[in-house]
Amino acid sequence: MSQMISGGVCAAQGFRAAGLHVGVKTHATWKKDLALIVSDTPCKVAAMFTKNVVKAAPIHVTRDHLAKGSIRAVAANSGNANACAPQGVENAERMCAAAAKAIGCAAEDVLVASTGVIGQTLNIKVIEDGMPELYGLLGRSDAASDAAAHAIMTTDTVKKEFAAEVFIGGQTVRVGGIAKGSGMIHPNMGTMLCFLTTDCAISQEMLEEALREVVRMTFNRISVDGDTSTNDTCCILANGMAGNPEITEKNDRYVDFVMALHEVCYLLARSMAKDGEGARHLITCTVRGAASEKQAETISKSVISSTLTKAAVFGCDANWGRVLCAMGYSGEKFDPEKVDVSFASDAGDILVCQQGRGLDFDEDLAKKILSEDEIEIDITIAEGDESCTCWGCDITYDYIKINGDYRT
């Protein structure tokens, strides 16, 4: 059984982190814009990337480095996506080289990631000049992980940082992570940057399997605006320093590790949905009674991605018809006359649709329920015993304001 702890990416043994303003963000000199995460020893690494055909240069460079063996560090900047930009690959390689020089390792031992505006040349000079100072700030404290978490934020309003520990083979194993994500988020790997660290001893094959399994159940089940970014990267570094017997198969130890990793990624994913650009409500949609998990997931994703449903939640309007409409175009077959829909929050719960038909319900109570920061849409389709939960947010006037002049 895992339990939450502090420390973020520095919670696991052998990891240090730092964040610093070097000048990539020219309009906000008080905001950190360069992060570095370093392991004392070489790591096994698993990673997943955007399914967008248009991929940023750092993804291509990171994939090349992953193919060459073990990894020591991750360098990431905010303020510029280095996507569809002049000298994109060259600048991503220079960023790795700068980090490697400071650390004392090969450039191929460094992964690179960027986030921010697309199509503009990355100011690599300020990154190269700032890297030695950033390396000097590396620490193992909560504050060090906090600095790295802030350095990868763009339109995020809060940092995303969690860690957990679990006993495996008589040893304490820790998993930590930081992430950024507020806009351009849609289920298609999980649109964000996410860096995970663990001191678990685990084989390459099992590490990759664990990441795929957890991403499917967490980052692939969030949506803010239906846009999949060019820069999505989720990677986990495992240095084995916990000293547990190496996990090489899907046994009880593997299950325990996946539980801890899932807890961290679940909280990161949920926090991204809640911090959606301009959002005022976190939407949790659970579909129950499905014939399969896939059916439940597809329907739930359709509801949280529905612009009209998002708008209704923003207006605290219990317009359950928009929920059924989104279910209907999800692509999954179900009997509309077996559908029940309820809204719930800390203010209570209310059944608004039963067996596909509207009910007379207390509109004042419904509005009170939907006025809370976090609301739940509970759907039962009476097709089977499977269920799935996905997370999204409402759409507000502020979303348009943020993205209307994002580049300028």
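Please read all numbers here as calculations on a predicted model, not as lab measurements. (Residues numbered from 1 in each chain as written. Predicted model: local features only at pLDDT ≥ 70, side-chain atom pairs only at ≥ 80, totals over all residues. Heavy atoms only, no water.)

Asks: How do you make sense of unusual backbone geometry when you look at a structure like this?
Replies: Glycine aside, a negative phi is what most residues show, and trans is what most peptide bonds show. Its identity is not glycine, yet Cys 84 carries a phi of approximately 55°, on the positive side. Note that Cys 84 resides in the loop between strand E4 (71-80) and helix H2 (88-103). The exposed category is assigned to Cys 84, whose relative accessible area is 54%. Positive phi, close to 50°, is recorded for Ala 382, a residue that is not glycine. Structurally, Ala 382 is set in the loop between strand E14 (374-380) and strand E15 (386-393). (Helix = DSSP H or I, 4+ residues; strand = E, 2+ residues; numbered from the N terminus. Buried < 20%, exposed > 50% of the residue type's maximum accessible area, 1.4 Å probe, protein only.)

Asks: Would you explain the environment of Val 303 in this entry?
Replies: Within the fold, Val 303 resides in helix H7 (residues 293-305). Separated by 18 residues in sequence, Val 303 and Cys 285 place their C-alpha atoms 7.3 Å apart. Beyond its immediate stretch of four places on either side in the chain, Val 303 contacts Cys 285, Thr 309, Val 323, Ala 326, Met 327, Ile 377 and Ile 379. (Contact = heavy atoms within 4.5 Å.)

Asks: Mind showing me how you'd approach the pairing of strand E8 (residues 193-198) here?
Replies: Regular strands place side chains that alternate from one sheet face to the opposite one. A large share of E8 lies buried, amounting to six of its six residues. Of the two faces of E8, the one holding Leu 193, Phe 195 and Thr 197 and the one holding Cys 194, Leu 196 and Thr 198 are both buried throughout. Bridging between strand E7 (residues 171-180) and E8 involves six bridges; their strand directions are antiparallel. Along E8, the bridge assignment pairs Ala 179 with Cys 194. Bridge count for E8 against strand E9 (residues 233-238) is six bridges, and the pairing is parallel. Across the sheet, residue Phe 195 finds its bridge partner in E9, namely Cys 235. (Pairing = 2+ DSSP bridges.)

Asks: How do you make sense of the pattern of salt bridges when you look at a structure like this?
Replies: Think of it this way: side chains of opposite charge can pair up when their charged atoms draw near. The full count for this structure, using the stated rule, is 22 salt bridges. Of the charged contacts, one joins Arg 174 and Glu 165 as a salt bridge, the two residues approaching to 3.0 Å between their closest N and O atoms. For Glu 165, a relative accessible area of 12% corresponds to the buried category. Of the charged contacts in the structure, one is a salt bridge between Arg 270 and Glu 374, with a shortest N-O distance of 2.6 Å. A residue pair is termed long-range when its members are at least 10 positions apart, and Arg 270 in helix H6 (residues 252-274) and Glu 374 in strand E14 qualify at 104 residues. Within the structure, one salt-bridge network assembled from shared partners comprises Arg 216, Arg 221, Glu 293, Glu 297 and Lys 301. (Salt bridge = Lys/Arg side-chain N within 4 Å of Asp/Glu carboxyl O.)

Asks: I tried to follow a nonpolar patch on the surface on my own but got confused; where do I start?
Replies: Nonpolar side chains collect at one region of the surface, where Met 1, Val 255 and Met 259 lie side by side and expose about 330 Å² of accessible area between them. Among the structural elements, Met 1 can be located in the segment before strand E1 (3-5). (Patch = residues over 30% accessible without salt bridge, like charges linked within 9 Å, V, L, I, M, F, W, Y side chains within 5 Å. Areas by Shrake-Rupley, 256 points an atom, 1.4 Å probe, with all protein chains shown as cover.)

Asks: Looking at this model, I keep getting lost on the pairing of strand E12 (residues 348-354). Mind explaining?
Replies: Looking at chain direction, strand E11 (residues 340-345) and E12 are connected through five bridges and run antiparallel. Each residue of the ladder has a partner; that of Ala 344, found in E12, is Asp 349. A loop of two residues connects E11 with E12, the two strands running antiparallel in sequence. In this structure, E12 lies alongside strand E13 (residues 357-358), joined through two bridges in antiparallel fashion. Its bridge partner lying in E13, Cys 353 is registered against Gly 358.

Asks: Help me understand the packing of helix H1 (residues 57-66) against H2 in this model?
Replies: Working note: a packed helix pair is described by the angle between its axes plus the distance between those axes. Running from N to C, H1 and H2 point in directions that differ by 55°, and their axes come no closer than 8 Å. The orientation of H1 relative to H2 falls into the category oblique. For the pair H1 and H2, the sense of crossing is right-handed. For the pair formed by H1 and H2, the contact residues are Ala 57, Pro 58, Val 61 and His 65 on the first element and Gly 88, Val 89, Ala 92, Glu 93 and Cys 96 on the second. When grouped by side-chain class, the residues that make up the contact of H1 with H2 number six nonpolar, two polar and one charged. (Axes fitted to C-alpha atoms, helices over the stretch in contact; angles between N-to-C directions. Parallel < 35°, antiparallel > 145°, perpendicular 65-115°, else oblique. Left-handed = near helix turned anticlockwise from the far one by under 90°. Nonpolar A, V, L, I, M, F, W, Y, C, P; charged D, E, K, R; others polar.)

Functional significance is not addressed by these values, which are geometric in nature.
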